[in-house]
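# Structural description and commentary
Here is how the chains run, residue by residue.
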Amino acid sequence: MAVEARTMKPIMPKVLGKGLGRIAVHVILIGLGFLYMYPFLWVLAGSFKTPGEFFSSGLSLIPRQLNLKNYVYAWNAGNFSTYFLNTVVVAVGVTLLVILFSSMAGYVLSKTSFPGKKVVLGAMLALMFLPAGYTIIPTFELVQRLGLLNTLWSVILVQTAGGLVFNTFLFMGYFATIGKEIEEAALVDGANLPTTYWHVMLPMAKPMVATVGLFQFMQNWNSFWIPLVFTVGNPSLRTLAVGLYSFVGENSTGWTYVSAGAVISIVPIMVVFFFLQRYFIEAVAGAIKG
Amino acid sequence: MALRIDTAAVPGIERLATAVSPATRRQVRKNLWSYIFLLPLLVLVGLFVVYPMVASINITLYDWNGIGNPTRFVGLRHFFTVSRDPLFWNAFKNTFTYALVLVPIQLTLALILALVLNNPKLKGSTIYRAVYFSPVVTSAAMVGVVMTMLLGGVGDKLNGLLLDIGLIRAPIDWLGDPRFALPVVIAVGIWHTLGYNLVYFLAALQSIPKELYEAARVDGANAFHQFRYVTVPMLRDVGVVIVFLAILGSLQVFDLVLVMTGGGPYFASEVVSTYIYHYAFTPAAVQAEANVGYASAAALFMGLIVMGITIMQLLAVRYAASRRSELKSAPAAAGERVPRGGAYRGDGADLN
């Protein structure tokens, strides 16, 4: 852009050239942004349409009326109320467990030294580089043997385990930046390690808790592969992503219902995102810096 | 089996607690809380990450439909079958096509957008950033469903628009035509995860010290020169990580393909992860019997290939970095003033 403005300089008065260039940038950004959001706006409009309207009015973004029938059908007959609840349980459960377990491990790994610490750190580092995502079958078998198959616990525990190593490193790095004095003061006051962790260290790590929490919530709201495999025998345990996928198979002509189901799945996480977008983006950016 | 899990879960701790010197034993007792705090991590990761990795190697040696215990030992036969299965190599080719087409296009677009949005004088850049990032917060499965409807043959959708403006003469079955299925999935993939790379690039751009640009401007560098001789070299290290993550992420593509095409039509968009999924869970799609052993062998085979690529990339990066530091130290050692741009130019050559 700056290049464009520069080449205009000799022809036009400086201010006018820059102003026009800036407007052009905004026009392009808004136009592309609209196209970028179009699929979401389109499915939102589709969720209010009647089947006939959905068929005939093609790409239009404005439904003729705000018809809520599709939502009623998806929520009740389509079981989206159940899927919604399951997704909340999984996303909140995994997020809390990952925050708790990885901050605990990160704390002792960064602030205490004990026999075996190097072994643990080395093993964790090795795990970061081994390929993940190819071990679903033994995981499935293990979950079955533990008697957890077709429970939400299986999804929660497997996804928690998957998030622990990376986030423990994040917490380790964060705790390492906190000076020893504060912690030592607490220990002198007679606090033991759990008290120091819970009342002193964890509160100080709030920014990292927020980062890990948002990222985990987003990932687990959207998780597909693990819940797909672990709830295959029990449709009442499906999460929104899995439920929506199966709903398409079962309602291959009910596109307006599917649209309503898609909106129910997407809107909550979008709302969370737009309210907390600064933190979301900082969380993502933090992952590349750390 | 329970025993195997335990040793996998707590590497070294039991051994350390029972063997070795009294001093170590005292250390262990003194740090009891540390071990307790590590326990959830060790147990969960041991059970659901380490054990499956080890066990999957064992499963590859059996014929097994996934019910009961694996009994028929076949040794390494599955690996030979996988390495000679044209369907596997088709899926392999599609996976790499997906990654090698998606990554350069997506990263170029993300970098251009990041450069535009990084301009501090641009009003509303946080709003634009949020808009372009928003597809990232939705799952590939949900996105796949929406896109399937938008592209689908039912009614007057994208095809209607393209017919109206005369770009096509007959409706195209975007996901049902073998020529279009994979390119369409790639296009949706580019749209879906571009936001990650946009934010990565923005973070990297913001970490470049402003003084560098000021110094370049004082030296008479124009916008292009500033980009070429300040931005590009400063972005290189983070850029390598971004490329890394993008390639690794796209080699594991699964949800989007499964939801949009199921790997079809006629395996035209089959990727390795859907190939494995079919053999393990929905064998009808590949006209075979469920064979978890075979699926695990294919998974391990692909996992090793991906790991090999990762290691090669790491080595290449390290090599490039060491060459770069040699080049950088040379003129400084000679006590010369580094000519503007000159050192960077020599610098850039080693990557190309």
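About the cut-offs
Residues numbered from 1 in each chain as written. Chains lettered and ligands numbered in written order. Predicted model: local features only at pLDDT ≥ 70, side-chain atom pairs only at ≥ 80, totals over all residues. Helix = DSSP H or I, 4+ residues; strand = E, 2+ residues; numbered from the N terminus. Buried ≥ 20, exposed ≤ 12 C-beta atoms within 10 Å, placed from the backbone. Contact = placed C-beta atoms within 7 Å. Expected span 1.5 Å × (residues − 1). Bend = angle between axes of the 7 residues up to and from the residue. Core = buried A, V, L, I, M, F, W, Y, C linked by C-beta atoms within 7 Å. pLDDT = per-residue confidence, 0-100. Domains from an automatic or database assignment. Nonpolar A, V, L, I, M, F, W, Y, C, P; charged D, E, K, R; others polar. Axes fitted to C-alpha atoms, helices over the stretch in contact; angles between N-to-C directions. Parallel < 35°, antiparallel > 145°, perpendicular 65-115°, else oblique.

## Comments concerning the overall build of chain A
- Tallying secondary structure elements over chain A gives 15 helices and 0 strands in all.
- The 290 residues of chain A split such that 43% are buried.
- If you take every contact in chain A between residues at least 6 apart in sequence, the share linking residues at least 24 apart comes to 71%.

## Section: the overall build of chain B
- On a plain count of helices and strands, chain B comes out with 16 helices and 2 strands.
- Evaluated residue by residue, chain B yields a buried proportion of 37% over its 352 residues.

## Digging into helix α14 (residues 255–275) of chain A
- Over its 21 residues, α14 of chain A runs 30 Å from end to end, which matches the ideal 30 Å to within 8%, given 1.5 Å per residue.
- Helix geometry: α14 of chain A is bent most strongly at I266 of chain A, by close to 30°, with proline P268 of chain A lying one to four residues after it.

## Side note on the environment of S265 of chain A
- Relative to the helices and strands, S265 of chain A resides in helix α14.
- For the pair formed by S265 of chain A and W221 of chain A, sequence separation is 44 residues and the distance between their alpha carbons is 8.9 Å.
- Beyond its immediate sequence surroundings of up to four residues, S265 of chain A is in contact with L240, A241 and L244 of chain A together with M142 of chain B.

## Some words on the interface of chain A and chain B
- If you look at the interface, chain A gives 75 residues, while chain B gives 79 residues.
- For the side of chain A that touches chain B, the element with the highest residue contribution is α14 of chain A, accounting for 10 residues.

## Considering the nonpolar core
- Grouped together as the largest cluster of nonpolar side chains are 169 residues, with contacts concentrated most on L244 of chain A together with V45, V145, L198, V199 and A298 of chain B.
- Leaving out residues up to four positions away in the same chain, V45 of chain B has contacts with A161, L164 and V165 of chain A together with V50 of chain B.

## Brief notes about the confidence of the model for chain B
Residues and elements named next belong to chain B.
- With 86% of its residues at a pLDDT of 70 or more, chain B shows a mean pLDDT of 79.
- Averaged pLDDT values over the elements of chain B bottom out at 30 in helix α16 (residues 342–349) and peak at 93 in helix α6 (residues 86–117).
- The low-confidence segment residues 1–11 (pLDDT under 50) makes 15 contacts with residues lying over four places distant or belonging to another chain.
- Overall, residues 331–352 carries pLDDT values under 50, and its contacts beyond four positions in sequence, including any with other chains, amount to 17 contacts.

## What to know about the domain arrangement of chain A
All names here are of chain A.
- When its domains are assigned, chain A resolves into domain 1 (2–72) and domain 2 (79–289).
- Elements with a minimum of two residues in the side of domain 1 that touches domain 2: α2 (14–46), α3 (51–56) and α4 (69–75).
- Per-element tally for the side of domain 1 that touches domain 2: the top contributor is α2, with 4 residues.
- For the side of domain 1 that touches domain 2, the residue count by class is 6 nonpolar, 4 polar and 1 charged.

## Comments concerning unusual backbone geometry
All names here are of chain A.
- The phi angle at N150 is positive, at roughly 60°, despite the residue not being glycine.
- By secondary structure assignment, the location of N150 is in the loop between α7 (136–145) and α8 (152–176).
- Judged by C-beta crowding, with 16 C-beta atoms within 10 Å, N150 ranks as partly exposed.

## Observations concerning the confidence of the model for chain A
Residues and elements named next belong to chain A.
- Of the residues in chain A, 89% reach a pLDDT of 70 or more, and the chain-wide mean stands at 83.
- Within chain A, the element-level pLDDT minimum falls on helix α1 (residues 2–8), averaging 45, and the maximum on helix α5 (residues 80–111), averaging 94.
- Low pLDDT, under 50, characterises residues 1–12; the predicted model gives this stretch 18 contacts beyond four residues in sequence or across chains.

## Looking at helix α14 (residues 272–280) of chain B
- Within α14 of chain B, 9 of the 9 residues are buried, which leaves the element mostly enclosed by the surrounding structure.
- Taken together, the buried positions of α14 of chain B are V272, S273, T274, Y275, I276, Y277, H278, Y279 and A280 of chain B.

## Points about the packing of helix α13 (residues 240–250) of chain A against α14 of chain A
Residues and elements named next belong to chain A.
- Contact geometry for α13 and α14: axes closest at 10 Å, N-to-C directions at 175°. With respect to their mutual orientation, α13 and α14 come out roughly antiparallel. Contact residues: α13 offers L240, A241, L244, F247 and V248, while α14 offers V258, G261, A262 and S265.
- When the residues that make up the contact of α13 with α14 are grouped by side-chain class, the tally is 7 nonpolar, 2 polar and no charged.

## Observations regarding the environment of E282 of chain A
Residue and element names in this part refer to chain A.
- On the secondary structure map, E282 appears in helix α15 (residues 277–289).
- On the basis of neighbour count, E282 is assigned to the partly exposed category, with 18 C-beta atoms found within 10 Å.
- Considering only alpha carbons, one finds E282 and T211, 71 residues apart in sequence, at a separation of 7.6 Å.

## Quick look at the packing of helix α7 (residues 125–133) of chain B against helix α10 (residues 181–206) of chain B
All names here are of chain B.
- Axis separation between α7 and α10 bottoms out at 8 Å; the angle between their running directions is 145°. Across the interface between the two elements, R129, Y132 and F133 from α7 touch L194, G195, L198, V199 and L202 from α10.
- Here the residues of the contact of α7 with α10 are counted per class, giving 6 nonpolar, 1 polar and 1 charged.

## Quick word on the environment of L245 of chain B
Residue and element names in this part refer to chain B.
- Its place among the elements puts L245 in helix α12 (residues 223–251).
- Here L245 falls in the partly exposed class, since 16 other C-beta atoms lie within 10 Å of it.
- When the C-alpha positions of L245 and V103 are compared, they lie 9.8 Å apart, and in sequence the two are 142 residues distant.

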